[in-house]
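# Observations on the model geometry
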Amino acid sequence: MRLVILDSSDKVAEWAAKYVLKRINDFNPGPDKYFVLGLPTGGTPLGMYKKLIEFHKKGLISFKYVKTFNMDEYVGLPRDHPESYHYYMWNNLFKHIDIDPQNVHILNGNAKNLEVECELFEENIKKSGGVELFVGGIGPDGHIAFNEPGSSLVSRTRVKTLAQDTLEANARFFDNDVSKVPKQALTVGVGTVMDAREVMVLITGAHKSFALYKAIEEGVNHMWTVSAFQQHPRTIMICDEDATLELRVKTVKYFKALYAVHKKLIVGEGSQQNEP
Ligand code: PGA
């Protein structure tokens, strides 16, 4: 596992966007070769999306041959509700870039049959050739997507009842009224994300530092579902200084010493544009 430690959440956003840019451009997608990208919602990836839009406007990246699969969606929230993940994705990314709406896949939390909706989502990922890069965030309780503590580490896309902690954390988006937060969501499973060829997890803020410690310094444990990615052959975690508060100094020093190696991961050949 790689851990890239950067000074601030802004640097995390920039680094992550540059990484996505480089991965897509190096892949050189075309009509017969789509790049399949897994995407999260939440506060953490907003800065990355802003940067990607900026790169797109500068002509550095096209999403014409990119297919996306989002991690999750609330159950029963209208698609045009400002807190739905459909709304979030269109407003924070898709409407600003050249992606074909047909290539966007977001779970439908209003489907008549939610189980069938989840099965179709998994099938669609398979039909698209599997996810090349899955980008995710984590909750302070170590969840990835809506895989709450205790979720199976081999779980697939399914309906989940949200933990009280998550309902409380998300109440801020629903007039601070926990009763307005949808109680269920559709979410990819840990196993779904594990199948991606590469996973990039963004972690910022002191409130995520205990989860990062559990993800990196302790064993794989279903109570901290993000820890499953210790067993993924290609996981890269990008965090800011604040998120390292619970890590050992030794761990932080070790990963920081690798910065020169990590820096090369986002530098395009002969391009100053991609310097962090
Ligand atoms: P956040 O959410 O980016 O808004 O902190 C992440 C998550 O809960 O998965």
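Everything in this summary refers to the structure shown in the same document.

Parameters at a glance
Residues numbered from 1 in each chain as written. Predicted model: local features only at pLDDT ≥ 70, side-chain atom pairs only at ≥ 80, totals over all residues. Heavy atoms only, no water. Helix = DSSP H or I, 4+ residues; strand = E, 2+ residues; numbered from the N terminus. Buried < 20%, exposed > 50% of the residue type's maximum accessible area, 1.4 Å probe, protein only. Contact = heavy atoms within 4.5 Å. Areas by Shrake-Rupley, 256 points an atom, 1.4 Å probe, with all protein chains shown as cover. Lys, Arg positive; Asp, Glu negative; His and termini not counted. Charge placed at Lys NZ, Arg CZ, Asp CG, Glu CD. Pairing = 2+ DSSP bridges. Phe/Tyr/Trp six-rings, centres within 6.5 Å; stacked < 30°, edge-to-face > 60°. Lys NZ or Arg CZ within 6 Å of the ring centre and 35° of its normal. Near = heavy atom within 4 Å. Polar contact = N/O pair within 3.5 Å; in protein donor to acceptor, adjacent residues only side chain to side chain. Nonpolar A, V, L, I, M, F, W, Y, C, P; charged D, E, K, R; others polar. Axes fitted to C-alpha atoms, helices over the stretch in contact; angles between N-to-C directions.

## Focus on the overall build of the protein
The helix and strand inventory of the protein stands at nine helices and ten strands. Judged by the C-alpha coordinates and their principal axes, the protein covers about 50 × 45 × 35 Å. Taken over 276 residues, the protein has a buried fraction of 53%. Expressed as a percentage of contacts within the protein between residues at least 6 apart in sequence, the contacts between residues at least 24 apart total 77%. Surface accessibility of the protein: about 12500 Å² in total, with carbon and sulfur atoms responsible for 50%. Computed over 33 positive and 34 negative side-chain charges, the inter-centroid distance for the protein is 5 Å.

## With respect to the sheet that holds strand S9 (residues 199-203)
The strand order S1-S10-S9-S6-S2-S3-S5 describes an open sheet built from seven strands, whose pairing is parallel. Two strands in the sheet have a free side with no partner beyond their single neighbour: strand S1 (2-6) and strand S5 (104-105). With four bridges connecting them, strand S6 (residues 133-137) and S9 associate as parallel partners. When the sheet's bridge partners are listed, Gly-137 is paired in S9 with Leu-202.

## Brief notes about the environment of Asp-26
With respect to the helices and strands, the residue Asp-26 is situated in helix H1 (residues 9-27). For Asp-26 and Gly-268, which are 242 residues apart along the polypeptide, the C-alpha to C-alpha distance reads 8.9 Å.

## So, the packing of aromatic side chains
For the structure shown, the criterion picks out 13 aromatic pairs. Judged by centre distance (5.0 Å) and plane angle (40°), the ring pair of Tyr-74 and Tyr-85 falls under tilted. Highlighted residues: Tyr-74 in strand S4 (residues 72-74) and Tyr-85 in helix H3 (residues 85-92), separated in sequence by eleven residues. The pair Tyr-74 / Tyr-85 is uniform in exposure class, with both members buried. Where Tyr-74 meets Phe-174, the ring centres are 5.8 Å apart and the plane angle is 85°; that geometry is what we call edge-to-face. Taken together, the positions of Tyr-74 in strand S4 and Phe-174 in the loop between helix H5 (164-170) and strand S8 (184-187) put the pair 100 residues apart, joining distant regions of the chain. Take Tyr-74: its relative accessible area is 1%, and that puts it in the buried class. The structure contains a cluster of three or more aromatic residues connected by ring pairs, namely Tyr-74, Tyr-85, Phe-146 and Phe-174. Taking NZ or CZ as reference, Lys-33 lies 4.7 Å from the ring centre of Phe-27, over its face.

## A look at the site of the ligand
Around the ligand, the surrounding shell consists of Gly-42, Gly-43, Thr-44, Gly-137, Ile-138, Gly-139, His-143, Arg-172 and Lys-208. One of the backbone N or O atoms of Gly-43 is found 2.8 Å from an oxygen atom in the ligand. In the environment of the ligand, an oxygen atom lies 2.7 Å from a nitrogen or oxygen atom belonging to the side chain of Lys-208. If the ligand stood free it would expose 280 Å²; the protein chains cover 78% of that surface. Looking at the shell around the ligand residue by residue, the class counts come to one nonpolar, six polar and two charged.

## Quick word on the sheet that holds S4
Within a beta sheet, neighbouring strands are joined by backbone hydrogen bonds and run either parallel or antiparallel to one another. As summarised here, the arrangement of the three strands in space is S4-S8-S7, forming an open sheet in which the pairing is antiparallel. Pairing within the sheet leaves two strands with one partner each, and these edge strands are S4 and strand S7 (158-161). Going across the sheet, the axis of each strand differs from the next one's by a mean of 30°, ignoring polarity. Where S7 lies against S8, four bridges are found, and the strand directions are antiparallel. If you follow Arg-158 over to S8, its bridge partner there is Thr-187.

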